[in-house]
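Letter by letter, the chains look like this.
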Amino acid sequence: MIRIIKVKDYEEASDKAFEVMKEFIAPGKVLGLATGSTPLGLYARMVKDHKENGTSYKDIRSFNLDEYVGLEITHPESYYAFMHRNLFDQIDIPEENTHVPSGLGDDLEGQAKKYDEMIDASPVDIQLLGIGSDGHIAFNEPGTPFDSGTHVTDLAESTIRDNCRFFDNDMSKVPTQAVTQGIGTIMKAKNILLIATGANKAQAVKDMISGPIDVSCPASILQKHDNVTVIVDEAAASLL
Ligand code: PGA
């Protein structure tokens, strides 16, 4: 079941997301985390709350959704670096409790399988998601089977175009592959929190919520999950 929360803009979406997330920031919880522009406001609120109220992440574990293939973790646009810069280095979560899939090494599929095994051993309490303008969740592009586990994937051209803003606006600098949690992996999370803001997400939001459940819109599978909260701003909700 998808519960839809409509808000005015990005700031309100981030406030609302923090309200939902806050319930899960407690000892023993497992957070599923995401990268991209969407969660930045939420992460800023988590950092502020940690600094001002002492909310602790010492007994929390986290699993990220995805990582580019071939970028060193020291590359500023690696998702490992993104997570450390925007969240992990500013709260008290122990490094060993955080997990970001590795996009380096010569057995990426083997590593992906191990990543799923780790998640199975520590089921995710709440998975944070953005949505791609093509309806992707994590890097599960249109056509990805709904039962997929963590795997290596090619990025859709639209995703490379969307993400080139982080790579000097040069599409040739954007990695062409990623390791991503599969849709089957994401669907195992007990709760899902998806945030969508901005007009370029409007069609994907409409397809996710009211379109057929079809691999052409990966996010449409969320209609089958028991516990999904979708926070949308006015622009992203404009086609609903
Ligand atoms: P964005 O990406 O948050 O940078 O818009 C979302 C996504 O591609 O899942």
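Details of the structure are given in the entry above.
Residues numbered from 1 in each chain as written. Predicted model: local features only at pLDDT ≥ 70, side-chain atom pairs only at ≥ 80, totals over all residues. Heavy atoms only, no water.

A. Local environment of the environment of Met187. The topology assignment puts Met187 in helix 6 (residues 183-187). Residue Met187 is classed as partly exposed on the basis of its relative accessible area, which comes to 21%. For Met187 and Ala199, which are 12 residues apart along the polypeptide, the C-alpha to C-alpha distance reads 26 Å. Sequence-distant contacts of Met187, defined by excluding residues within four places in its chain, comprise Ile221, Leu222, Lys224 and His225. (Helix = DSSP H or I, 4+ residues; strand = E, 2+ residues; numbered from the N terminus. Buried < 20%, exposed > 50% of the residue type's maximum accessible area, 1.4 Å probe, protein only. Contact = heavy atoms within 4.5 Å.)

B. Representation of the packing of aromatic side chains. One pass over the structure, following the stated rule, counts 5 aromatic pairs. With 5.8 Å between their ring centres and 80° between their planes, Phe63 and Tyr115 make a pair best called edge-to-face. On the criterion of sequence distance, the pair formed by Phe63 in strand 3 (residues 61-64) and Tyr115 in helix 4 (residues 108-121) is long-range, its members being 52 residues apart. The class for Phe63 is buried, based on a relative accessible area of 1%. Among the residues examined, Tyr115 registers a relative accessible area of 4% and is labelled buried. Here Tyr68 and Tyr79 contribute two aromatic rings whose centre-to-centre distance is 4.7 Å and whose plane-to-plane angle is 40°, an arrangement assigned as tilted. (Phe/Tyr/Trp six-rings, centres within 6.5 Å; stacked < 30°, edge-to-face > 60°.)

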